[in-house]
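# Structural features, examined
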Amino acid sequence: MASLTTTDLTRVALDLVGMDELPGDSAVYVEGTGLSRVMMGIDIAAAELMLARQLGLDGVIAHHPAGGDAHLHYPRVLTTQIDFLINAGVPADVAEEAIRPKIRGAELTAQTRNFDHVPSVARLLGMPFLNVHLPLDEYGRRVMVAAVDEHLGTVRPNREPLVRDVVAGLMTIPELRDARTDIKVAVGEADSPAGQVFVFHGAGTNGGFAAARAMWDAGIDTVVYIHIAPPDADQLRALNRAGKNVVISGHISSDMIGINRYVADLEQRGLEVVRMSGL
Ligand SMILES: [Fe+2]
Ligand SMILES: [Fe+2]
């Protein structure tokens, strides 16, 4: 039987992508040792912590930030979006201008939150509790990039890849192929050329309208997000930019790419993981 610590659980996630320390959107809320049976869910709140106690489990892992430092420091991970845009060919000052308002907004949101609500429940229960967000999404991003690249590589010798080929590439990933949600071409057309493709995932959240427009302006033709707010999709559509596309892979199915790998690694260490909330 496994006997792991909360530090072990974070280490497994960090090792998955070669990170040294927990990013701003991930945190250990209640430390613990001697863990052998834990519960993992995408979203964990007070009721789920009580459920874990009722099931006799000795720890809980969330994917999404659940309070504490992961809420307070969340805006820091959004700077990754600036790096993404620069990697997509957006000039540094334009990238900064596109993302800075979003970071300022996130800082105000963080300030409004009752960030200790859920962690306080875990503390009173004496329930070891953590969340790992960015490391698992970064793993998922790498898988998505590789799947799209590989599939477009098989299409290219015969014809120009289309947006539907980007979708087909994503569909080679089991979590997306077997998902109950469809991959959507939210902006653009499935039959237009894919052109330059950029997978924008693993940066706190999607880049919304501003990041997609900046990428389009910089020569990216097809942006892949895992989700987008409907008004942002409407705004992008209203730009009427011929040949420009946004593909949406699906939130929970895409989150599951990293989560499944993480759970497999934990189980390999002998940990029993009870899956819930999207797993
Ligand atoms: Fe995620
Ligand atoms: Fe998510």
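Notes on the structure in this doc start here. All figures in this text were calculated on a predicted structure; none of them were measured in a lab.

What follows is about the coordination of the iron ion (ligand 2). The coordination sphere of the iron ion (ligand 2) contains the protein donors His64 (NE2), His251 (NE2) and Asp255 (OD), at a distance range of 2.0 to 2.1 Å. On the primary sequence, the residues serving as donors to the iron ion (ligand 2) are separated as H-x186-H-x3-D. Between the two metals, the iron ion (ligand 2) and the iron ion (ligand 1), the spacing is 3.2 Å, and Asp255 donates to both. With His251 and Asp255 both in helix H13 (residues 251–268), this residue pair falls four residues apart, about one helical turn.

Enumeration over the complete set of coordinates arrives at 14 salt bridges. In this structure, the salt-bridge partner of Arg11 is Asp15, at a minimum N-O distance of 3.3 Å. With Arg11 and Asp15 both in helix H1 (residues 6–17) and four residues apart, this pair spans about one turn of that helix. We classify Arg11 as partly exposed; its relative accessible area is 36%. Two residues, Arg177 and Asp178, come together in a salt bridge whose shortest N-O distance is 3.4 Å. Each of Glu138, Arg141 and Arg142 takes part in one network of salt bridges that share partners.

In this section: the pairing of strand E7 (residues 222–225). Covered by surrounding structure in E7 are Thr222 and Val224 together with Val223 and Tyr225, the residues of both alternating faces. Where strand E6 (residues 197–199) and E7 come together, three bridges link them in parallel fashion. Bridge pairing in E7 places Val197 opposite Thr222. In this fold, E6 hands off to helix H11 (residues 208–217), which returns the chain to E7; that crossover is right-handed. Two strands pair when backbone bridges link them, and E7 and strand E8 (residues 245–248) are joined in this way by four bridges, in the parallel orientation. Residue pairing for E8: Thr222 is matched across the bridge by Asn245. Once you follow E7 into helix H12 (residues 230–238) and on to E8, the crossover reads as right-handed.

A word on the coordination of the iron ion (ligand 1). Bound to the iron ion (ligand 1) are the protein donor atoms His63 (NE2), Asp137 (OD), Asp137 (OD) and Asp255 (OD), situated 2.0 to 2.3 Å from the metal. All donors to the iron ion (ligand 1) come from one chain, and their sequence spacing reads H-x73-D-x117-D.

Let us now look at the nonpolar core. Leu85, Phe200, Met215, Tyr225, Leu236 and Val246 are the most contacted members of the largest nonpolar core, which totals 33 residues. Elements with a contribution of two residues or more to this core: helix H4 (74–77), helix H5 (79–87), helix H6 (92–112), strand E5 (184–187), H11, E7, H12 and E8. Here this core gets six residues from one element, more than from any other, and that element is H11. Composition of this core by domain shows at least three residues from each of domain 1 (6–133 + 256–274) and domain 2 (138–251). Among residues more than four places away in sequence, those in contact with Phe200 are Gln81, Phe84, Leu85, Thr205, Asn206, Gly207, Ala211, Met215, Val224 and Tyr225.

Let's shift gears to the packing of H1 against H13. For the pair H1 and H13, interaxial distance at closest approach is 10 Å and the crossing angle is 125°. Regarding the angle of H1 to H13, the classification is oblique. As H1 runs across H13, the sense of the crossing is right-handed. Between H1, through Leu9, Thr10, Val12, Ala13 and Leu16, and H13, the contact on the second element is made entirely by Gly258, Arg261, Tyr262, Asp265 and Leu266. Among the residues forming the contact of H1 with H13, the class breakdown is six nonpolar, two polar and two charged.

Evaluated as defined, the whole model comprises four aromatic pairs. Pairing Phe84 with Phe198 gives two aromatic rings, centres 6.3 Å apart and planes at 70°, and the pair type is edge-to-face. Here Phe198 lies in strand E6 and Phe84 lies in helix H5, a separation of 114 residues in the sequence. Judged on exposure class, the residue Phe84 and its partner Phe198 are both buried. Arranged with centres 5.2 Å apart and planes meeting at 90°, the rings of Phe84 and Phe200 form a pair that is edge-to-face. Here Phe84 is found in helix H5, whereas its partner Phe200 is found in the loop between E6 and H11, with 116 residues between them in sequence. Across the pair, Phe200 and Phe84 agree in class, each one buried. The structure contains a cluster of three or more aromatic residues connected by ring pairs, namely Phe84, Phe198, Phe200 and Tyr225.

The rules behind each value
- Residues numbered from 1 in each chain as written.
- Chains lettered and ligands numbered in written order.
- Predicted model: local features only at pLDDT ≥ 70, side-chain atom pairs only at ≥ 80, totals over all residues.
- Heavy atoms only, no water.
- Donors = N, O, S within 2.8 Å, 3.2 Å for Na, K, Ca; no water.
- Helix = DSSP H or I, 4+ residues; strand = E, 2+ residues; numbered from the N terminus.
- Salt bridge = Lys/Arg side-chain N within 4 Å of Asp/Glu carboxyl O.
- Buried < 20%, exposed > 50% of the residue type's maximum accessible area, 1.4 Å probe, protein only.
- Pairing = 2+ DSSP bridges.
- Right-handed = clockwise from strand over helix to strand, strands pointing away.
- Core = buried A, V, L, I, M, F, W, Y, C linked by side-chain atoms within 4.5 Å.
- Domains from an automatic or database assignment.
- Contact = heavy atoms within 4.5 Å.
- Axes fitted to C-alpha atoms, helices over the stretch in contact; angles between N-to-C directions.
- Parallel < 35°, antiparallel > 145°, perpendicular 65-115°, else oblique.
- Left-handed = near helix turned anticlockwise from the far one by under 90°.
- Nonpolar A, V, L, I, M, F, W, Y, C, P; charged D, E, K, R; others polar.
- Phe/Tyr/Trp six-rings, centres within 6.5 Å; stacked < 30°, edge-to-face > 60°.

Just distances and angles here, no functional claims.
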